[in-house]
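# Coordinates in review
If you want the building blocks of each chain, they are given just below.
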Amino acid sequence: ETVLERLVDELVRDGVQGLSPLGSTGEVIYLTSEQRRAVVSTTLRAAGGRVPVIAGVAAFSTRDAVAQAREYEQLGAAGLVVMRQNGFATSEAGVVSYFSEVARAVDIPIVLYTNPALLGTDFSPAALLQLAELPNVRYIKDATGGFKCFRRQVLESIDWSRVKSDGYGFQIEINFKAYRKGFR
């Protein structure tokens, strides 16, 4: 039994409602693809279907992100938190392309992750509208600290009862269905 397996079991027994290995707490960018796979696989095995596992996908290239997403879906992840590893500035079209290609590569729900200070990625309202057209793009984890990427209409489409803060940022579910219907 590994330390990770024991941790997962303890967290589940203590009542967590889901797990998200390879988030943005720092470990993901330092692991090899084999180590990332092992973390996700171990977490899934230890969770044993008791809670959903939402695996983190981060890559410098779209091709690598798509490969990770497909692999984690095949392993049994219930969803994906998708972020960009930042090496160089990317245009908005490039950011939209990255997240769109990852979302199109899998059938499971996608959480867009924005953290400009750490990951160099933010979403304009126009980019969110484009990404909201994808049926499995359902959530956003906003770590801007001030909801910079949202206009008033977007903020009004949020079910505020579902907002959760960990002291570093907010995890929110946007009602993309309402957003798609013309909130501008």
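In the block above lies the structure referred to throughout.
Read on for an overview of the structure. Everything quoted here is computed from the prediction, not taken from an experiment. (Residues numbered from 1 in each chain as written. Predicted model: local features only at pLDDT ≥ 70, side-chain atom pairs only at ≥ 80, totals over all residues. Heavy atoms only, no water.)

## Overview of the pairing of strand S3 (residues 110-114)
For S3, the buried fraction is high: five of the five residues fall into the buried class. With three bridges joining them, strand S2 (residues 79-84) and S3 adopt parallel strand pairing. Its bridge partner being in S3, Val81 is matched across the sheet by Val111. Sheet topology places S3 next to strand S4 (residues 137-142); five bridges connect them, and they run parallel. By the bridge assignment, Val111 is partnered in S4 with Tyr139. (Buried < 20%, exposed > 50% of the residue type's maximum accessible area, 1.4 Å probe, protein only. Helix = DSSP H or I, 4+ residues; strand = E, 2+ residues; numbered from the N terminus. Pairing = 2+ DSSP bridges.)

## Observations concerning the nonpolar core
By size, the foremost hydrophobic cluster in this structure holds 45 residues, and its most contacted members are Leu80 and Leu112. At seven residues, the largest contribution of residues to this core is made by helix H4 (residues 92-105). Those residues within four positions of Leu112 in sequence are excluded, and the remaining contacts are Val82, Phe99, Phe123, Leu128, Leu131, Val137, Tyr139, Ile140 and Lys141. (Core = buried A, V, L, I, M, F, W, Y, C linked by side-chain atoms within 4.5 Å. Contact = heavy atoms within 4.5 Å.)

## A short note on the pairing of S2
For S2, the buried fraction is high: six of the six residues fall into the buried class. Bridge count for strand S1 (residues 54-59) against S2 is six bridges, and the pairing is parallel. Counted as the bridge partner of Ala55 is Leu80 from S2. With respect to chirality, the unit in which S1 leads through helix H3 (residues 62-75) into the neighbouring parallel S2 is right-handed. (Right-handed = clockwise from strand over helix to strand, strands pointing away.)

## Description of the environment of Val16
Topologically, Val16 is positioned in the loop between helix H1 (3-13) and helix H2 (33-47). Since its relative accessible area comes to 29%, Val16 is described here as partly exposed. Residues Val16 and Pro52, 36 residues apart in the sequence, show an inter-C-alpha distance of 9.9 Å. What Val16 contacts, discounting residues up to four positions off in sequence, is Leu11 and Val51.

## Structural notes on the packing of H1 against H2
Where H1 meets H2, the closest approach of the two axes is 9 Å, and the angle between their N-to-C directions is 45°. As far as their axial angle goes, H2 and H1 are oblique. Relative to H2, the crossing made by H1 is right-handed. Mapping the contact onto sequence places Leu4, Glu5 and Val8 in H1 and Val39, Thr42, Thr43, Arg45, Ala46 and Ala47 in H2. (Axes fitted to C-alpha atoms, helices over the stretch in contact; angles between N-to-C directions. Parallel < 35°, antiparallel > 145°, perpendicular 65-115°, else oblique. Left-handed = near helix turned anticlockwise from the far one by under 90°.)

## Points about the packing of aromatic side chains
This structure, assessed with the given rule, holds one aromatic pair. On the basis of an interplanar angle of 80° and a centroid distance of 5.1 Å, the ring pair of Tyr98 and Phe99 is categorised as edge-to-face. There is no split in this pair, since Tyr98 and Phe99 are both buried. (Phe/Tyr/Trp six-rings, centres within 6.5 Å; stacked < 30°, edge-to-face > 60°.)

## Regarding H1
Among the residues making up H1, those that are buried are Glu5, Val8 and Val12. Each buried residue of H1 sits inside an arc of 65° when the element is viewed along its axis, so together they form one side. Exposed and facing more than 90 degrees away from the buried side of H1 are Val3 and Arg13. Contacts from the buried residues of H1 go to H2. Among the residues trailing H1, Gly15 stands out with phi positive, at a value near 105°. (Arc of directions from axis to C-beta.)

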